[in-house]
Amino acid sequence: MNHSLYIVVPAYNEEENIGKLIEDWYPVVEKYGNEQSRLVIVNDGSKDKTYEILCEYAKDKPLLKALTKENGGHGPTVLYGYRYAVKKQADYIFQTDSDGQTNPQEFEQFWNLRDKYDALIGTRTVRQDGASRKFVENVLCLILRMTFGVKIKDSNAPFRLMKRELVEKYIKKMPRDFNLPNVMLTTYFVYYHEKVKFLEITFKPRQGGTNSINIKKIVKIGWKALSDFRMLKKHI
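Residues numbered from 1 in each chain as written. Predicted model: local features only at pLDDT ≥ 70, side-chain atom pairs only at ≥ 80, totals over all residues. Heavy atoms only, no water.

Chemist: Can you walk me through the environment of Arg38 in this structure?
Modeler: Note that Arg38 resides in strand 2 (residues 38-44). Overall, the relative accessible area of 24% leaves Arg38 in the partly exposed class. For the pair formed by Arg38 and Ile93, sequence separation is 55 residues and the distance between their alpha carbons is 9.8 Å. Excluding anything up to four places from it in sequence, Arg38 contacts Leu5, Tyr6, Ile7, Val29, Pro62, Leu63 and Lys65. At 3.1 Å, the side chain of Arg38 and the backbone oxygen of Glu35 are in polar contact. (Helix = DSSP H or I, 4+ residues; strand = E, 2+ residues; numbered from the N terminus. Buried < 20%, exposed > 50% of the residue type's maximum accessible area, 1.4 Å probe, protein only. Contact = heavy atoms within 4.5 Å. Polar contact = N/O pair within 3.5 Å; in protein donor to acceptor, adjacent residues only side chain to side chain.)

Written as structure tokens, this is what we have:
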């Protein structure tokens, strides 16, 4: 049975990467999805030519959907894409990022297990994006363990295949502008004992452009996340 697959990708100032991203991931939608499937790239108010390039590619790629919105950050943009996929009744939602750090060839192992699990999430055992990023993830997982009592090795990996019903169920629990939706989705899945499996993936350095999320922003998001986690814990 062919299932509809929506690949959701947030993009901000990615004119150097966006063409390669489309060339890498568009064949995945064609191969594994059906005619209702889409590669959904959400432009988060980019100041460069990201959206113009997207629209140009979309002219001859019918499964590519270019969306645009006001700048709101990575997390709210991911949620925007999830809500779009839910609205379109996608069977499966896959999320990755636009910086070229993930490998589309690793998608197949996730897809082959889709009938056995409700969510399959990547684990970045080896990260090539810097020790500071790995440290932040480790601290985040420690906070999740202390707050929610969940043991997770990698909560925020941008490589996850999820059934639409599961995404719809849990994004309703978050504020619309939540900064760390993938972290909370992972937490909810584990906390509520959903059928989730973690698979090791590779994670390359950013392939071009400048990362808009620096340590200063990470710390700011982290402080807000602490209060958000406490708030969300009250509703569990």
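On we go from here.
Chemist: It is not clear to me how the pattern of salt bridges should be interpreted in this structure. Could you clarify?
Modeler: Side chains carrying opposite charge are able to pair once their charged atoms draw close together. Enumeration according to the criterion identifies 8 salt bridges in this entry. The partner of Glu56 in a salt bridge is Lys59, and the shortest N-O contact between them spans 3.1 Å. Since its relative accessible area comes to 47%, Glu56 is described here as partly exposed. Owing to a relative accessible area of 65%, Lys59 belongs among the exposed residues under this scheme. (Salt bridge = Lys/Arg side-chain N within 4 Å of Asp/Glu carboxyl O.)

Chemist: For this particular structure, what's the right way to read the pairing of strand 6 (residues 159-163)?
Modeler: Regular strands place their side chains on alternate faces of the sheet. When you tally the buried positions in strand 6, you get 4 out of 5 residues, the bulk of the element. Sheet analysis places strand 5 (residues 119-123) next to strand 6, joined by 3 bridges and oriented antiparallel. Among the inter-strand pairings, Leu120 is bridged to a residue of strand 6, identified as Leu161. (Pairing = 2+ DSSP bridges.)

Chemist: Can you walk me through the nonpolar core in this structure?
Modeler: Here is a general trend for soluble globular proteins: nonpolar side chains tend to be buried in one another's company. In this structure, Tyr82, Phe189 and Phe229 are the most contacted members of the largest nonpolar core, which totals 37 residues. Those elements that place two or more of their residues in this core are strand 1 (5-11), strand 2, helix 3 (74-87), strand 5, helix 5 (131-148), helix 6 (164-171), helix 7 (181-191) and helix 8 (215-234). It is helix 3 that contributes the most residues to this core, 6 residues altogether. Sequence-distant contacts of Tyr82, that is, excluding residues within four places in its chain, are made with Val8, Ile93, Gln95, Arg160, Met162, Val167, Ile171, Asn182 and Leu185. Ile7, Leu21, Phe110 and Phe159 belong to the second largest nonpolar core, which has 28 residues in total. (Core = buried A, V, L, I, M, F, W, Y, C linked by side-chain atoms within 4.5 Å.)

Chemist: I'm lost on the environment of Ala11 in this one. Help?
Modeler: Structurally, Ala11 can be placed in strand 1. Separated by 56 residues in the primary sequence, Ala11 and Leu67 have C-alpha atoms spaced 10.0 Å apart. Ignoring sequence-local partners within four residues, the contact set of Ala11 consists of Ile18, Ile41, Val42, Asn43, Asp44, Ser46, Thr50 and Ser98.

Chemist: Would you take a moment to explain the packing of aromatic side chains for this structure?
Modeler: What describes a pair of aromatic rings is the distance from one ring centre to the other and the angle between the planes of the rings. Within this structure, the stated rule accounts for 16 aromatic pairs. Considering the side-chain rings of Tyr170 and Tyr192, the 5.7 Å spacing of their centres and the 25 degrees angle between planes classify their relative orientation as stacked. Linking Tyr170 in helix 6 with Tyr192 in the loop between helix 7 and strand 7 (196-200), this pair joins segments that are 22 residues apart in sequence. Feature note: the residues Trp25, Tyr32, Tyr92, Phe94, Phe107, Phe110, Trp111 and Phe159 constitute an aromatic cluster, connected by ring pairs. Over the ring of Tyr26 we find Lys61, and its NZ or CZ is 4.8 Å from the ring centre. (Phe/Tyr/Trp six-rings, centres within 6.5 Å; stacked < 30°, edge-to-face > 60°. Lys NZ or Arg CZ within 6 Å of the ring centre and 35° of its normal.)

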